[in-house]
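# Close look at the chain arrangement
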Amino acid sequence: MIRLVNVHRSFGPNHVLRGCSLDIRDGETLTIIGGSGTGKSVTLKLMVGLLKPNRGEIFVDDQEISHLSEDALSQVQEKFAYVFQGGALFDSLTVGQNVAFGLYNLKKMDRDKIPDYVRERLALVGLTGVEQLKPAELSGGMRKRVAIARAIAMAPKYLLYDEPTTGLDPIMSDVINDLIVGLQKKLGVTAVVVTHDMKSAFKVSNRIAMLYEGKIVGVDTPEAIRNSKDPLVQQFISGSAEGPIKMKVRAF
Amino acid sequence: MNRTELRPSAFEQRLLKWLGGPLINLSESLGRIAILTRQTIAWVKSADRPTVFAQMVSVGADSLPVTVLTSLFTGMVLALQTGVSFRRVFNEPIYVGTVVGLSLTKELGPVLTAVVIAGRVGAAIAAELGTMKVTEQIDALYTLGTNPIKYLAVPRLIACLICIPILTLIADFVGIAGGLMVAVYRLGIPQATYVNEIQALTWKEGTHGLAKSVVFAAIIALISCYKGFTCEGGAEGVGKATTSAVVISMVLVLVCDYFLSALLVSFGIG
């Protein structure tokens, strides 16, 4: 279980998270929705210890992680796998080496078994025969899938997806959504998805949390969110410019 | 004394505002570089050998042609200018070997090699690590159980510490050979005279140059890694990080050169 309690985080004068509290239950897929720049990705990075909160507490399996030493934190990080927005594949390595990267470093497995395991993980995301290609030779959708294969290769307890469908065509987005749902069923991981793609949020989530002005303003099932009377939630899921959420648009 | 007398004047307030920000930034950067240095040194023993070897090829072997070319022509022009100037003053081109040998081994060999490497290797390190930072690859390393300092900074530092002094030695030899060609074929100095003057150089001159090149290597590797790791803001950020890595490395090399020379001379080395 991951628990955020009254978490604050600023970047210079920009106070992004202003008392964010959220519980993520084991085995569920929780999606965090919210506008650009509201701190969704920051929330994910705080959970995995890539960022430290200015105030508040973050618990991973009842262990508070924001004050841990580097070694203790890296042990906690082994429970996580992170699918980055742009994939964050290592350009200098092949697809196979990317997927095997964590396995070699953490020495979780015999070296001889790694190539077969990598092929199997790539097959789980629907990719075959791409081990020798470099990330630059892949399409956007393939890069996302390799990033997911690299994440699940670590056999994580928690899988964090940062905007998994951003920049993909609608069909590839749906393929990724199916993949997230399928992996959750097959591997039983707890997943946290950050997105502003409502179609994806409704499809993959057990629960949806809405982040607005640095706080979670509502957490509920996709059905309840769809029927919510909250004007903030309604404006976001309908994608309307009119409503309580005002986007700052600078003319130039 | 009443309270109003303790208040800074308007001019002092303006001065503090103007100096305060940059000073805080500078001390923060220096602190971070110190932390990076300590962590890099702490990981040196556990460096991954194939990665170090790959970096040595990139820093050393790939930089060899440009280093050879630079030092060859530096030695040649040094011999030419010394010979022509001394001929004007003393009516004959004397001490050309001594001037070329001393200048190259103590100063131009280490400094020019460091400047060339700062431009070639420092820029490459800052651009590569900067791109990795802005595309979240550095964060990805953390989530895959790998410390980026151990994986990226340590092999680059070791490669620079090994290759830059070797390149400096090669630069010294090539420069002296370039000087020899000009001295013998252009200035008409007997080969034996030039060689005798070079042979008069002692281990102290060589050590002086090599000691400095080790420090320059550390400066280039650490500044470039630091600039890469702290890069922000997409392609523009990578460009700025690269430029500042090269500029800061070059300036630091030249500034440290004076102080290191003074220190080494005071110890009687060179």
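Residues numbered from 1 in each chain as written. Chains lettered and ligands numbered in written order. Predicted model: local features only at pLDDT ≥ 70, side-chain atom pairs only at ≥ 80, totals over all residues.

The number of helices and strands found in chain A is nine helices and 10 strands. Its C-alpha atoms give chain A a radius of gyration of 18 Å, near enough to 18 Å, the size a compact globule of 252 residues would have. Expressed along its principal axes, the backbone C-alpha trace of chain A runs to roughly 55 × 45 × 40 Å. Expressed as a percentage of the 252 residues in chain A, the buried residues total 41%. (Helix = DSSP H or I, 4+ residues; strand = E, 2+ residues; numbered from the N terminus. Rg over C-alpha atoms; globule rule 2.2 N^0.38 Å. Buried ≥ 20, exposed ≤ 12 C-beta atoms within 10 Å, placed from the backbone.)

The next subject is the overall build of chain B. Along its length, chain B carries 10 helices and zero strands. Along its sequence from the N terminus, chain B presents helices and strands in the succession α-α-α-α-α-α-α-α-α-α. Each principal axis of the C-alpha distribution contributes one length, and for chain B these read about 75 × 60 × 35 Å. Per-residue burial over chain B gives 41% buried out of 270 residues. Across chain B, contacts joining residues at least 24 apart in sequence account for 87% of those joining residues at least 6 apart. (Contact = placed C-beta atoms within 7 Å.)

On to the sheet that holds strand β10 (residues 215-220) of chain A, then. All names here are of chain A. Spatially, the six strands line up as an open sheet ordered β6-β7-β8-β3-β9-β10, and their pairing is mixed. Every interior strand has two partners, whereas the edge strands, β6 (80-83) and β10, have only one. The mean inter-strand angle of the sheet, taken between neighbouring strand axes irrespective of direction, is 20°. Alignment of strand β3 (residues 29-33) against strand β8 (residues 190-194), held across four bridges, turns out to be parallel. Residue pairing for β8: leucine 30 is matched across the bridge by valine 192. Relative to β6, helix α5 (residues 140-153) is tilted by about 175°, and along the sheet it contacts β6 and β7 (158-162). (Pairing = 2+ DSSP bridges. Axes fitted to C-alpha atoms, helices over the stretch in contact; angles between N-to-C directions.)

Accessible area lost when the parts come together is the quantity often used to give the size of an interface. Contact residues are listed per partner, giving 10 residues for chain B and 16 residues for chain A. For the side of chain B that touches chain A, the residue count by class is three nonpolar, five polar and two charged. (Nonpolar A, V, L, I, M, F, W, Y, C, P; charged D, E, K, R; others polar.)

Residue and element names in this part refer to chain B. Axis separation between helix α5 (residues 96-134) and helix α10 (residues 234-266) bottoms out at 8 Å; the angle between their running directions is 150°. As the angle between them shows, α5 and α10 are arranged roughly antiparallel. Along this stretch, α5 crosses α10, giving a crossing that reads as right-handed. Across the interface between the two elements, Val111, Ala114, Val115, Ala118, Gly119, Gly122, Ala123, Ala126, Ala127, Gly130, Thr131 and Val134 from α5 touch Gly234, Gly237, Val238, Ala241, Thr242, Ala245, Val246, Ser249, Met250, Val253 and Asp257 from α10. Across the contact of α5 with α10, the residue classes break down as 14 nonpolar, eight polar and one charged. (Parallel < 35°, antiparallel > 145°, perpendicular 65-115°, else oblique. Left-handed = near helix turned anticlockwise from the far one by under 90°.)

Okay, the pairing of β6(A) next. Residue and element names in this part refer to chain A. Along β6, one buried face is formed by Phe80 and Tyr82 and the opposite face, lined by Ala81 and Val83, is buried too. Relative to β7, β6 runs parallel, the two sharing four bridges. Directly across from tyrosine 82, in β7, lies its bridge partner leucine 160.

Our next topic: the environment of Gln97(A). Residues and elements named next belong to chain A. Its place among the elements puts glutamine 97 in helix α3 (residues 95-106). We classify glutamine 97 as partly exposed; it has 16 C-beta atoms within 10 Å. C-alpha separation for the pair glutamine 97 and glycine 49, spaced 48 residues apart in sequence, amounts to 25 Å.

This next bit is on the sheet that holds strand β5 (residues 63-64) of chain A. Strand order in the open sheet made by the four strands is β2-β1-β4-β5 (chain A), with antiparallel pairing throughout. In this open sheet, the two strands that pair with only one neighbour each are β2 (14-24) and β5 of chain A.

The next thing to look at is the packing of helix α4 (residues 114-124) of chain A against α5(A). Residues and elements named next belong to chain A. Following both chains from N to C, one finds α4 and α5 inclined at 125°, their axes separated by 9 Å at the closest point. Considered as vectors, α4 and α5 are oriented oblique to each other. Pair α4 / α5 crosses with right-handed handedness. Residues Val118, Arg121, Leu122 and Leu124 of α4 form the contact with α5, whose participating residues are Ala149, Ile152 and Ala153. Broken down by class, the residue content of the contact of α4 with α5 amounts to six nonpolar, no polar and one charged.

Let us now look at the nonpolar core. Membership of the largest hydrophobic core comes to 129 residues, with the highest contact counts inside it found for Leu160(A) and Ile220(B). Considering every element that reaches this core, the biggest residue donor is helix α7 (residues 148-185) of chain B, with 17 residues. For Ile220(B), the contacting residues outside a window of four places in its chain are Ala114(B), Ile117(B), Ala118(B), Val121(B), Gly122(B), Cys160(B) and Ser249(B). (Core = buried A, V, L, I, M, F, W, Y, C linked by C-beta atoms within 7 Å.)

Mean pLDDT for chain B: 93, with 98% of residues reaching 70 or above. With a pTM of 0.87, the predicted complex shows an ipTM of 0.88. (pLDDT = per-residue confidence, 0-100.)

Attention now goes to the pairing of β8(A). Residue and element names in this part refer to chain A. Across the five residues of β8, five count as buried, placing the element largely inside the fold. What you see with β8 is no split at all: Thr190, Val192 and Val194 on one side and Ala191 and Val193 on the other are buried throughout. The pairing of β7 with β8 spans five bridges and is parallel. Each bridged residue has a counterpart across the sheet, and for leucine 160 the counterpart in β8 is valine 192. Handedness of the β-α-β unit built from β7, helix α6 (residues 170-187) and β8 comes out right-handed. (Right-handed = clockwise from strand over helix to strand, strands pointing away.)

All names here are of chain A. Positioned with a positive phi, aspartate 62 is a non-glycine residue whose angle comes to about 65°. By the secondary structure assignment, aspartate 62 is in the loop between β4 (55-60) and β5. At alanine 88, a position not held by glycine, the phi torsion is positive, near 50°. Along the chain, alanine 88 falls in the loop between β6 and α3. Taking the C-beta count within 10 Å as the criterion, alanine 88 has 25 such neighbours and is therefore assigned buried.

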